[in-house]
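# Architecture and fold: a report
Read off the chains here:
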Amino acid sequence: MNSFSRKFICSSETDTKRLAESLAAIVQKGDTFALYGTLGAGKSTFSRYFIQSLCGAEDVPSPTFTLVQTYEAADFDIYHYDMYRLKRADEAYELGVEDAFYQGVSLIEWPEKIAEILPRNIWKIDIFVRENVRQFSITVSDEKKAERLRDVADV
């Protein structure tokens, strides 16, 4: 299958929350979400709402300094990574990425830092900001993921 993409326009933080909750509703164990975007694009905000939707955690800090935060959902663990400070991709193994990729759900900020070890079948989320409006471009390359992405409601 060729890749399949959808674009979502979020003109408010409430829209971003709705999108994160919609994706959280269709997530499956083993899903990896690679969040691309500049500093301040909304990667951490999206991740916070996604995590809160699945496990009700009130406090969802950015893993900027800890590099990874783990949360328990009903059927899997959620791993929220910030790879910005890594010097080499193989440093991610020390953070438990292998188990996270296959046994949990991963949200990865700055995935370009570990591009060579990312699974091939990921949810690629590009976030672009223009005049306080965020565009989330979500791309998958698997038919089953494409079916789930088609089910996500517009925000």
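Preceding this paragraph is the structure being described.
Residues numbered from 1 in each chain as written. Predicted model: local features only at pLDDT ≥ 70, side-chain atom pairs only at ≥ 80, totals over all residues. Heavy atoms only, no water.

## Considering the sheet that holds strand E3 (residues 68-72)
The seven strands lie next to each other as E1-E7-E6-E2-E5-E4-E3, forming an open sheet whose pairing is mixed. Every interior strand has two partners, whereas the edge strands, strand E1 (4-10) and E3, have only one. For this sheet the average axis-to-axis angle between neighbouring strands, irrespective of direction, equals 15°. The sheet contact formed by strand E2 (residues 32-36) and strand E5 (residues 105-109) spans four bridges and is parallel. From the neighbouring strand, Ala-34 faces E5, where its bridge partner is Ile-108. Running over the sheet, helix H2 (residues 43-55) touches E2, E3, strand E4 (77-82), E5, strand E6 (123-130) and strand E7 (133-140) and is turned about 165° from E5. (Pairing = 2+ DSSP bridges. Helix = DSSP H or I, 4+ residues; strand = E, 2+ residues; numbered from the N terminus. Axes fitted to C-alpha atoms, helices over the stretch in contact; angles between N-to-C directions. Contact = heavy atoms within 4.5 Å.)

## Here's the deal with the pairing of E6
Here E2 pairs with E6 via four bridges, running parallel. Paired with Tyr-36 across the strands is Asp-126, a residue of E6. As paired strands, E6 and E7 are joined by seven bridges and run antiparallel to one another. Bridge pairing links Arg-130 to Val-133 in E7.

## Overview of the packing of aromatic side chains
Under the definition given, this model contains seven aromatic pairs. On the basis of an interplanar angle of 35° and a centroid distance of 5.7 Å, the ring pair of Phe-46 and Phe-136 is categorised as tilted. On the criterion of sequence distance, the pair formed by Phe-46 in helix H2 and Phe-136 in strand E7 is long-range, its members being 90 residues apart. With a relative accessible area of 0%, Phe-136 lands in the buried category. Aromatic side chains Phe-101 and Tyr-102 sit 6.4 Å apart centroid to centroid with 90° between the ring planes, which places their arrangement in the edge-to-face category. Using a relative accessible area of 4% as the deciding quantity, one classes Phe-101 as buried. (Phe/Tyr/Trp six-rings, centres within 6.5 Å; stacked < 30°, edge-to-face > 60°. Buried < 20%, exposed > 50% of the residue type's maximum accessible area, 1.4 Å probe, protein only.)

## What about the environment of Val-140?
Assignment of secondary structure puts Val-140 in strand E7. The class for Val-140 is buried, based on a relative accessible area of 1%. When near neighbours in sequence (up to four residues on either side) are disregarded, Val-140 contacts Ser-3, Phe-4, Ile-122, Trp-123, Lys-145, Ala-146 and Leu-149.

## A look at helix H1 (residues 13-26)
Here H1 contains 14 residues, and its C-alpha end-to-end distance of 21 Å stays within 8% of the 20 Å for a straight helix at 1.5 Å per residue. Buried residues of H1: Asp-15, Thr-16, Leu-19, Ala-20, Leu-23, Ala-24 and Ile-26, and no others. Of the surrounding elements, those touching the buried residues of H1 are E1, H2, E6, E7 and helix H4 (143-150). (Expected span 1.5 Å × (residues − 1).)

## Re the nonpolar core
Across soluble globular proteins, nonpolar side chains have a tendency to be buried as a group. Core analysis: the largest hydrophobic core is formed by 33 residues, its most contacted members being Leu-19, Leu-23, Phe-46, Phe-50 and Ile-125. Secondary structure elements with two or more residues in this core: E1, H1, E2, H2, E5, E6, E7 and H4. A total of five residues in this core trace back to one element, the largest contributor, which is H1. Those residues in contact with Leu-19 that sit more than four places away from it in its chain are Phe-8, Cys-10, Phe-46, Phe-136, Ile-138, Val-152 and Val-155. In this structure, Tyr-81, Leu-86, Ala-89 and Ala-100 belong to the second largest nonpolar core, which totals 20 residues. (Core = buried A, V, L, I, M, F, W, Y, C linked by side-chain atoms within 4.5 Å.)

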